[in-house]
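Next come the chains, spelled out residue by residue.
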Amino acid sequence: MEKTVEKTFGERLKRARQDAGITQQAAADTFGISLRGYCRWEKGEHVPSYSTLAAMARRFNVSADHLLGLDDEAPAD
């Protein structure tokens, strides 16, 4: 069964956040959303706006394509 974009996004967002060494609360604060809202992104229940997706890619030093599961490249070190 193929994963949904939301599920893949959530998994990759969580990994990017963990690689950056920040908490879910710190990430939520960075993107101006509640902790509950941020957790929904990581669970794949919701997806952010385009502008927030771009901010996430910049903050976590990954491409938006990577977060969306459109490429398999690991983030650059």
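Preceding this section is the structure that the text describes.
In this text, all values refer to a predicted model and were calculated from it rather than measured experimentally.

1. Describing the side chain of arginine 12
Moving on, step 1. By secondary structure assignment, the location of arginine 12 is in helix 1 (residues 5–20).
Moving on, step 2. Residue arginine 12 is classed as buried on the basis of its relative accessible area, which comes to 18%.

2. A short note on the nonpolar core
Moving on, step 1. One finds Tyr38, Met56, Phe60 and Leu67 to be the most contacted residues of the largest nonpolar core, which totals 15 residues.
Moving on, step 2. Looking at this core, the elements that each hand over two or more residues are helix 1, helix 2 (24–30), helix 3 (35–43) and helix 4 (50–60).
Moving on, step 3. Filtering out sequence-adjacent residues up to four positions away, leucine 67 remains in contact with Thr8, Phe9, Arg12, Leu13, Ala16, Leu53, Met56, Ala57 and Val62.

3. So, the side chain of threonine 52
Moving on, step 1. Relative to the helices and strands, threonine 52 resides in helix 4.
Moving on, step 2. Taking the relative accessible area as the measure of exposure, threonine 52 reaches 16% and is therefore buried.

4. Some points on the pattern of salt bridges
When the charged atoms of two side chains with opposite charge come close together, those side chains can pair.
Moving on, step 1. For the structure on display, the rule yields two salt bridges.
Moving on, step 2. We note a salt bridge from glutamate 42 to arginine 17, for which the minimum N-O separation is 2.5 Å. Here the residue glutamate 42 occupies a position in helix 3, and arginine 17 occupies one in helix 1, the gap between them amounting to 25 residues. Pair check on accessibility: glutamate 42 and arginine 17 agree, each one buried.
Moving on, step 3. Residue glutamate 45 is joined to arginine 40 by a salt bridge in which the shortest nitrogen-to-oxygen separation is 3.8 Å.

About the cut-offs
Residues numbered from 1 in each chain as written. Predicted model: local features only at pLDDT ≥ 70, side-chain atom pairs only at ≥ 80, totals over all residues. Heavy atoms only, no water. Helix = DSSP H or I, 4+ residues; strand = E, 2+ residues; numbered from the N terminus. Buried < 20%, exposed > 50% of the residue type's maximum accessible area, 1.4 Å probe, protein only. Core = buried A, V, L, I, M, F, W, Y, C linked by side-chain atoms within 4.5 Å. Contact = heavy atoms within 4.5 Å. Salt bridge = Lys/Arg side-chain N within 4 Å of Asp/Glu carboxyl O.

These figures capture arrangement, not role.
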